[in-house]
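Fold and geometry: a report
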Amino acid sequence: MSITPHGNGELVDLRVGAGERRALAESARALRALELDARERTDLELLAVGGFTPLRGFMGEKECRSVVREMHLPGGVPWTIPVTLSADRAFADSLRAGESIALTSGGTPLAVLEVQDKYVVDRGEEGRAVYRTDDAAHPGVAAMQSAREVRLGGPVRVLELPRGEFSEHRLEPAQTRAEFAKRGWKTIVAFQTRNPIHRAHEYLTKCALEVVDGLLIHPIVGETKGDDIPADVRMRCYRALLDGYYPAQRVLLSVLPASMRYAGPREAIFHAIMRRNYGCTHFIVGRDHAGVGSYYGTHDGQKIFDEFDPKALGITPLKFENSFWCKKSGCMATDKTTNSAPSERVFLSGTKVREMLVLGEALPVEFTRPEVARILVEAMRKG
Ligand code: ADX
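Worth saying up front: this structure is predicted, and the values here are computed from it rather than measured.

What counts as what
Residues numbered from 1 in each chain as written. Predicted model: local features only at pLDDT ≥ 70, side-chain atom pairs only at ≥ 80, totals over all residues. Heavy atoms only, no water. Near = heavy atom within 4 Å. Polar contact = N/O pair within 3.5 Å; in protein donor to acceptor, adjacent residues only side chain to side chain. Areas by Shrake-Rupley, 256 points an atom, 1.4 Å probe, with all protein chains shown as cover. Helix = DSSP H or I, 4+ residues; strand = E, 2+ residues; numbered from the N terminus. Nonpolar A, V, L, I, M, F, W, Y, C, P; charged D, E, K, R; others polar. Domains from an automatic or database assignment. Contact = heavy atoms within 4.5 Å. Buried area = accessible area lost by both parts, 1.4 Å probe. Salt bridge = Lys/Arg side-chain N within 4 Å of Asp/Glu carboxyl O. Pairing = 2+ DSSP bridges. Axes fitted to C-alpha atoms, helices over the stretch in contact; angles between N-to-C directions.

1. A word on the site of the ligand
Near the ligand, the surroundings consist of 19 residues, among which Thr193, Arg194, Asn195, Arg287 and His289 are the closest. One of the side-chain nitrogen or oxygen atoms of Thr193 is found 2.5 Å away from an oxygen atom of the ligand. A total of 530 Å² of accessible area belongs to the ligand in isolation, and the protein chains cover 95% of it. Breaking the shell around the ligand down by element, the ones donating at least two residues are strand E8 (188–193), helix H8 (199–209) and strand E11 (282–285). Looking at the shell around the ligand residue by residue, the class counts come to eight nonpolar, eight polar and three charged.

Okay, structure coming up:
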């Protein structure tokens, strides 16, 4: 039996059936339109395909407040990050309660939203609760601060998915679930990443793979911050690494169309919930998961799991210590597995890696496989 979707109900699918589609598309053209921003488009896609099960639309005020303050939806289901849609004040004021609007991308209607709620939030409070800071230098806080003033909540019916890249690797939750069943995997660990897979990441995924049936490499390909490595370059790195160093029959590569929030611990829970919907039973949480700068402690992304009922969360975190190449042992290690001194450890921060790539310096093989390093250097050269 496969793992149930989050909330223990059915996997949500908000796309209208073929019969209803033409009529809805026609009526959508007559509705007033709200153009989605990049993040909202990725959220719409996840709503549509059930990555956000049990959500059926953009959050109203009550849901949003409950998520911000209690880390649960009003019915008691764990949920840590608001999924919201924003509109300009004038547009929002002109909407009648219950009015339907078209949600568009480049003018094309993708979905119809029934506006059940319009509200304004205290962004300072939301920042401090969700991101543990209201510092506008934090990329998640900055995105929230720059969103349009009023939020619109309500159920959506989806006509068309936003156009996304990597279509051959863009499996929906029902598709990853079917693939796991086909492969006979009962226990599946998901690996979230917004980076190329360096040796530390490889170590975590392979340790995890020792104790479960299969591994889902599930890189996030929605909005990321400007200095993160672009998704198309990362995809080339993932393919090279998987072809070179992983057994094909035990690994599946598929992308997650979500946008990064950089909300650290809260996002660790959010990431885990989505992977449960994709059919995974286990989820890797390493050091400073979904962190940025020094806003979060190394283990915050792991500790937060203790605040939830494991049954309600439904997916099991696999927690890993900071891992590095240990020169003394001649292999990857963590504080749990080596007694080497700091000088005997090869560890590079993301910032240091970026600096080295910009300068065209070779990344050490202890840090990243040569096949991956080559792709990164080449991409950097092309700019
Ligand atoms: S994240 O924003 O997706 O968390 P990244 O792609 O770097 O960033 O990390 C993916 C996963 O690997 C996260 O669970 C993170 O905690 C973990 N991780 C990254 N580097 C290390 C490391 N050196 N040691 C242990 N865990 C790590």
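Once you've had a look at it, read on.
2. Re the domain arrangement of the protein
Each assigned domain of the protein is listed here: domain 1 (18–158) and domain 2 (167–382). Across the contact, 31 residues belong to domain 1 and 32 residues belong to domain 2. With both sides pooled, the region where domain 1 packs onto domain 2 buries about 2,600 Å², and carbon together with sulfur makes up 61% of that total. Counting the surface domain 1 buries against domain 2, the share from its top three residues, Met71, Ile81 and Arg132, is 21%. When the shortest N-O distance is used, the salt bridge between Asp43 and Arg261 registers 3.0 Å. For the pair domain 1 and domain 2, the interface holds 15 residue pairs in polar contact (both at pLDDT 80 or more). Of all the secondary structure elements, the ones that give two or more residues to the side of domain 1 that touches domain 2 are helix H2 (38–49), helix H3 (61–70), helix H5 (123–131) and helix H6 (139–146). For the side of domain 1 that touches domain 2, the element with the most residues is H2, which contributes seven residues. Across the side of domain 1 that touches domain 2, the residue classes break down as 17 nonpolar, nine polar and five charged.

3. Some details on the side chain of His282
Structurally, the position occupied by His282 is in strand E11. When near neighbours in sequence (up to four residues on either side) are disregarded, His282 contacts Thr187, Ile188, Val189, Ala190, Val212, Ile315, Thr316 and Leu318.

4. Topic: the sheet that holds strand E9 (residues 214–219)
The strand order across the open sheet built from five strands is E10-E9-E8-E11-E12, with neighbouring strands paired in parallel fashion. Either end of the sheet is taken by a strand with one partner, and the two such strands are strand E10 (251–253) and strand E12 (316–319). On average, each strand axis in the sheet is tilted by 25° relative to the strand beside it, whichever way the strands run. Direction of pairing for E8 relative to E11: parallel, over a ladder of two bridges. Looking at E11, one finds that Ala190 is bridged to Phe283. Together, E8, E9 and E10 form the strand contacts of helix H9 (residues 231–245), whose direction differs from that of E10 by roughly 160°. Along the sheet face, helix H10 (residues 264–277) touches E8, E9 and E11 and points at about 155° away from the line of E11.

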